Amino acid sequence: MNKMGKTLFDKLWEKHVIAGKPGEPQLIYIDLHLVHEVTSPQAFEGLRVNHRHVRRPERTFATMDHNVPTKDIFNIKDAISLKQIETLKKNCDEFGIRLAEIGSEEQGIVHVIGPQLGLTQPGQTVVCGDSHTATHGAFGSIAFGIGTSEVEHVLATQAIWQLKPKTMGIHLHGNLQKGVSAKDIIMALIATYGVDFGTGYALEFYGDTVDRLSMENRMSICNMAIEGGAKMGMMKPDQTTFEYVTGRKYAPKKMDEAIEYWQQFYTDDPTDYDKVLDFDVSELAPYVSWGTNPSMSVPVSGSLPDIADMNFQRAYDYMGLKPHMAASAIPIQWIFIGSCTNGRLADLQEAARVMKGHHLAKNVTAWIVPGSRTVKNDAEKLGLDKIFKDAGCEWRDPGCSACLAMNPDKIPAGIHCASTTNRNFEGRQGKDARTHLASPAMVAAAGIHGHFVDIRQKEVI
Ligand SMILES: CC(C)[C@H](C(=O)O)[C@@H](O)C(=O)O
Ligand code: SF4
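Residues numbered from 1 in each chain as written. Chains lettered and ligands numbered in written order. Predicted model: local features only at pLDDT ≥ 70, side-chain atom pairs only at ≥ 80, totals over all residues.

Draft legend 1. Representation of the sheet that holds strand E9 (residues 166-173) in the model. Strand order in the open sheet formed by four strands is E11-E10-E9-E12, and the pairing between neighbours is parallel. Only two strands of the sheet have a single partner each, and these edge strands are strand E11 (232-234) and strand E12 (275-280). Adjacent strand axes in the sheet meet at a mean angle of 20 degrees when their direction is disregarded. Where E9 lies against E12, six bridges are found, and the strand directions are parallel. Residue pairing for E12: His173 is matched across the bridge by Asp280. Its contacts with the sheet put helix H1 (residues 8-16) on E9, strand E10 (201-206) and E11, and the angle it makes with E10 is roughly 125 degrees. (Pairing = 2+ DSSP bridges. Helix = DSSP H or I, 4+ residues; strand = E, 2+ residues; numbered from the N terminus. Axes fitted to C-alpha atoms, helices over the stretch in contact; angles between N-to-C directions. Contact = placed C-beta atoms within 7 Å.)

Structure follows, in structure tokens:
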């Protein structure tokens, strides 16, 4: 393609390059470094051993999320979890880093609290030792996950070496049908193009569909860019973004100036991308995953595929399902609503809207886990906790919880769990647990019925 202008990504990249030549790894400045307890201990240890300090503590913010129990939160029984939590506290004290600890108002999943506190802003580079850092790209920033040795490098230097990726524009257009959400868009994209279509690319989602989405919905899409193989997913900042950031705790004091600066970040013309995908969302159905990677997903109105290859055979065996069965016939015994994909207030409101006045089907267990303490408090102010509890759900404390089996919240073996999370790998939610990814409204409806239902049909909820 003949590039005339610049993409959103190009503009952000240029503003942050400190050293290096195009075509080779370049050193880029990092505006925001988010830290959690799992991927930071060795990084801090490296600083200590080398007698280094944290270069920009005021651009670094830590939280506890993966290991925290979501019930009886101060009572961490697992020795490794306890060690990681205690180590983070010690490291933050020693290196002068702000920390949202268990029990505090600011604590929550790293990708929920960054935006919520106004730490995440347009025009930034954001890193964290966590693959779902792509979430923050929804604000119009370069945001990506890094490994522990890179965490150490960023702590010490506030910069990182990166090879500039290619850019892919994903043009989303059309109106979503009622009951179809942002989560369905990203699941459908991955089901259509596979788990590695984004490898080597920075994705930018754009188009009239994106323009109409809330920040929460935009974050759900960028969050799963990594499930499509891309390290980063982004969207240009617009009025919706500016309104979301305004008034937040760490938002810029001079908002007018900030907005004026942020307005330069957009793609000049779609021909500037290295590649473009065109995706009409108007006929999209809600999606559910049936297998053991996020591309193994189908429309809820459809049926499960043939055994195309060995991976499918293995997935069917693990999931205890059969080819050609209707997606709506997948039995559901557990539901999980939470995570950095769908654990924000808007997600809980969506689930509560579906659950209101209903009760869980017999034999269904439900865990509702707000993405942060603030989400929890805000939800309670709106009475959402009561709706969930009346429906028979457990209303828990914030954390990653059953999104991954790194804390006491594990889904039992053999159980089919409809989950608002982003990964459905073998053992992800507990040994031999069977994860089915879907949107908050779809998961809530599955809890009520004990199987998936097509929530586009009025009579089901
Ligand atoms: C534990 C962490 C490193 C991991 C990640 O990088 O994504 C986790 O958050 C996940 O979702 O699997
Ligand atoms: S909620 Fe899940 S996907 Fe998000 S950071 Fe935690 S473990 Fe990773």
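Draft legend 2. Looking closely at the domain arrangement of the protein. Looking at the protein, the domain boundaries give domain 1 (8-278) and domain 2 (287-460). The centre of domain 1, based on its C-alpha atoms, is set 24 Å off from the matching centre of domain 2. Listed per partner, the contact involves 41 residues of domain 1 and 38 residues of domain 2. For the side of domain 1 that touches domain 2, the elements supplying multiple residues, two or more each, are helix H4 (110-116), helix H6 (182-193) and helix H8 (215-223). Take the side of domain 1 that touches domain 2: its biggest share by element is six residues, from H6. A breakdown of the residues in the side of domain 1 that touches domain 2 according to their chemical character gives 13 nonpolar, 18 polar and 10 charged. (Domains from an automatic or database assignment. Nonpolar A, V, L, I, M, F, W, Y, C, P; charged D, E, K, R; others polar.)

Draft legend 3. Representation of the UniProt feature "binding site: [4Fe-4S] cluster" (unreviewed entry) in the protein in the model. In this structure's numbering, the residues bearing the UniProt feature "binding site: [4Fe-4S] cluster" (unreviewed entry) are Cys340, Cys400 and Cys403. The greatest C-alpha distance among the residues just named is 8.9 Å, despite their covering 64 residues of sequence, which places them together in space. Relative to the elements of secondary structure, Cys340 occurs in helix H12 (residues 339-342). Residue Cys340 is classed as buried on the basis of its 27 C-beta neighbours within 10 Å. Summarising the element assignment, Cys403 is placed in the loop between strand E17 (394-395) and strand E18 (416-419). For Cys403, the residues in contact, after removing those within four places along its chain, are Gly338, Ser339 and Thr421. (UniProt positions renumbered as here; feature names shortened; annotations may be inferred. Buried ≥ 20, exposed ≤ 12 C-beta atoms within 10 Å, placed from the backbone.)

Draft legend 4. Structural view of the site of ligand 1. Close contacts around ligand 1 come from Val38, Thr39, His66, Asp130, Ser131, His132, Gly145 and Leu404, and that covers them all. Taken together, the residues of the shell around ligand 1 sort by class into two nonpolar, five polar and one charged. (Near = placed C-beta within 6 Å.)

Draft legend 5. Local environment of the packing of helix H13 (residues 345-355) against helix H16 (residues 440-449). Contact geometry of H13 with H16 gives a least axis separation of 8 Å together with a crossing angle of 35 degrees. Seen from above, H13 lies across H16 with right-handed handedness. Residues Asp347, Glu350, Ala351, Val354 and Met355 of H13 touch H16, and the partners they reach there are Pro440, Ala441, Val443, Ala444, Ala445 and Ile448. When grouped by side-chain class, the residues that make up the contact of H13 with H16 number nine nonpolar, no polar and two charged. (Left-handed = near helix turned anticlockwise from the far one by under 90°.)

Draft legend 6. Region of interest: the site of ligand 2. The full set close to ligand 2 counts 13 residues, and Ser339, Cys340, Cys400, Cys403 and Leu404 are the nearest of them. Of the residues assigned to the shell around ligand 2, the class counts are five nonpolar, six polar and two charged. Here the shell around ligand 2 spans two domains, and each of domain 1 (8-278) and domain 2 (287-460) adds at least three residues to it.

Draft legend 7. Molecular detail of the nonpolar core. Core analysis: the largest hydrophobic core is formed by 133 residues, its most contacted members being Leu203, Met232, Val288, Ile335, Met442, Ala446 and Phe452. Counting contributing residues per domain, this core is built from domain 1 (8-278) and domain 2 (287-460), each supplying no fewer than three. Residue contacts for Ala446: discarding those within four places in its chain leaves Ile332, Ile335, Ala418, Ala438, His451, Phe452 and Val453. (Core = buried A, V, L, I, M, F, W, Y, C linked by C-beta atoms within 7 Å.)

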